[in-house]
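# Understanding the architecture of this molecule
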Amino acid sequence: MAKRKPVVAGNWKMNTSKEEANQLSTEIISQVNNAQAEVLLFPPFVYLSELGQKQNDYVAIGAQNFHPETKGAFTGEISLSMLESIGIRYVLIGHSERRTIFNESDDFLAKKVDRALLSNFSPVFCCGEPLSVRETGNPMEFVNNQLTDSLFHLQADQAQRLILAYEPIWAIGTGLTASPQQAQEMHASIRQHLAKKWGEQTAHSIRILYGGSVKPANAKELFSQPDVDGGLVGGASLKADSFMEIIKAAE
Ligand code: PEP
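What comes next concerns the included structure. (Residues numbered from 1 in each chain as written. Predicted model: local features only at pLDDT ≥ 70, side-chain atom pairs only at ≥ 80, totals over all residues. Heavy atoms only, no water.)

## Overview of the site of the ligand
Inspection of the region around the ligand gives 14 residues, with Lys13, Glu167, Gly173, Ser213 and Gly234 positioned closest. Within the backbone of glycine 173, a nitrogen or oxygen atom sits 2.6 Å from an oxygen atom of the ligand. Relative to its unbound accessible area of 290 Å², the ligand is 97% covered by the protein chains. Its residues placed into classes, the shell around the ligand shows four nonpolar, eight polar and two charged. (Near = heavy atom within 4 Å. Polar contact = N/O pair within 3.5 Å; in protein donor to acceptor, adjacent residues only side chain to side chain. Areas by Shrake-Rupley, 256 points an atom, 1.4 Å probe, with all protein chains shown as cover. Nonpolar A, V, L, I, M, F, W, Y, C, P; charged D, E, K, R; others polar.)

Here is the structure:
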């Protein structure tokens, strides 16, 4: 079966000034080349239009959020057709901060996935367990349920268009990282779960990124695990040097 091309995505969250966003994206885009991982940058909304114009074959710009309805009375929200009109084709869905701070449910996330696929966007769908489940529960079952509830209504050809990101909540922004063994164990379990639904070939083709305090110092070992196909990076994606080191670790 074909080798999966790694993906390294930077989630800038609610960070960077306009000048910083411009400088950071320029520094990254000027250094990434064909031999490396596919690179995705998720800056804040207000910079998407400007940064979208800098996209090339190796670096794409994506949106951290959108609303699944096409238009109407949704004050403060952004639709996919608006994003499409400024050249954006990637969206994050199901980040734990959207799930917990903004109460996005599995059902709502399923609607976002449907709308993204229907509109020909590439969704990066996040999943991951809280610390309480890691310590005393069944993290694999927890993550499998998240995937089942928001994705298992899809057909195999739709599922193939997803990128998944496993992000244990206890490792996001905390400096704690899943060990390479913990990450591999979860990624293999996710792939097995996907295979039960859509078959081995589809499961094999879907990229599963690891996220949660990925840094230049731990990226290589995490990305060298057989089922880890790159990373979704928060804090360390805000400095071009550290993000470039992480991109190089995925080669
Ligand atoms: C994230 O925001 O998806 C993330 C993984 O953040 P950090 O790398 O800072 O833990």
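## Some details on the nonpolar core
Core analysis: the largest hydrophobic core is formed by 65 residues, its most contacted members being Ile28, Leu151, Leu164, Ile190, Leu194 and Phe223. For leucine 164, the residues in contact, after removing those within four places along its chain, are Phe125, Leu147, Leu151, Ile190, Leu194, Ile206, Arg207, Ile208 and Leu209. (Core = buried A, V, L, I, M, F, W, Y, C linked by side-chain atoms within 4.5 Å. Buried < 20%, exposed > 50% of the residue type's maximum accessible area, 1.4 Å probe, protein only. Contact = heavy atoms within 4.5 Å.)

## Here we look at the pattern of salt bridges
Where charged atoms from two side chains of opposite charge come close, those side chains can pair. As enumerated under the stated definition, the model contains eleven salt bridges in all. Between arginine 4 and aspartate 229 there is a salt bridge whose closest N-O contact spans 2.9 Å. Within this pair, whereas arginine 4 is found in the segment before β1 (7-11), its partner aspartate 229 is found in the loop between α11 (216-223) and β8 (230-233), the two being separated by 225 residues in sequence. Assigned by exposure class, arginine 4 and aspartate 229 land together as buried. The network of salt bridges with shared partners includes Arg4, Arg191, Asp227 and Asp229. (Salt bridge = Lys/Arg side-chain N within 4 Å of Asp/Glu carboxyl O. Helix = DSSP H or I, 4+ residues; strand = E, 2+ residues; numbered from the N terminus.)

## Comments concerning helix α12 (residues 240-249)
Counting buried residues in α12 gives seven out of ten residues, a clear majority hidden from the surface. Buried within α12 are the following residues: Ala240, Ser242, Phe243, Met244, Ile246, Ile247 and Ala249. Against β1, α1 (18-31), β2 (38-42), α11 and β8 lie the buried residues of α12.

## So, unusual backbone geometry
The residue lysine 13 is not glycine, and still its phi comes out positive at about 50°. Mapping lysine 13 onto the fold places it in the loop between β1 and α1. You will see that asparagine 120, though not glycine, has its phi angle at about 65°, which is positive. By the secondary structure assignment, asparagine 120 is in the loop between α5 (106-118) and β5 (122-127).

## Topic: the side chain of arginine 134
Secondary-structure assignment places arginine 134 in helix α6 (residues 131-136). For arginine 134, a relative accessible area of 19% puts it in the buried group. Side chain to side chain, arginine 134 and glutamate 129 meet in a polar contact 2.9 Å long. Filtering out sequence-adjacent residues up to four positions away, arginine 134 remains in contact with Glu129, Pro139, Tyr166, Trp170, Gln182 and Met186.

## As for the pairing of β8
The alternating pattern of β8 places Gly230 and Leu232 and Gly231 and Val233 on opposite faces, both of which are buried. The pairing of β1 with β8 spans four bridges and is parallel. Pairing of alanine 9 across the sheet is with leucine 232, part of β8. Of the pairings in the sheet, the one linking strand β7 (residues 207-211) to β8 comprises two bridges and is parallel in character. What sits directly across from tyrosine 210, in β8, is glycine 231. (Pairing = 2+ DSSP bridges.)

## Some points on the sheet that holds strand β6 (residues 163-166)
The eight strands lie next to each other as β1-β2-β3-β4-β5-β6-β7-β8, forming a closed barrel whose pairing is parallel. Averaged over all adjacent pairs, the angle separating strand axes in this sheet is 25°, with direction ignored. Contacting β4 (90-93) and β5, α5 runs over the sheet at an angle of about 170° to β4. Contacts between helix α7 (residues 139-151) and the sheet are confined to β5 and β6, with β5 contributing the most and set at about 145° to the helix. (Axes fitted to C-alpha atoms, helices over the stretch in contact; angles between N-to-C directions.)

Note that all results are geometric; they support no functional claim without further evidence.
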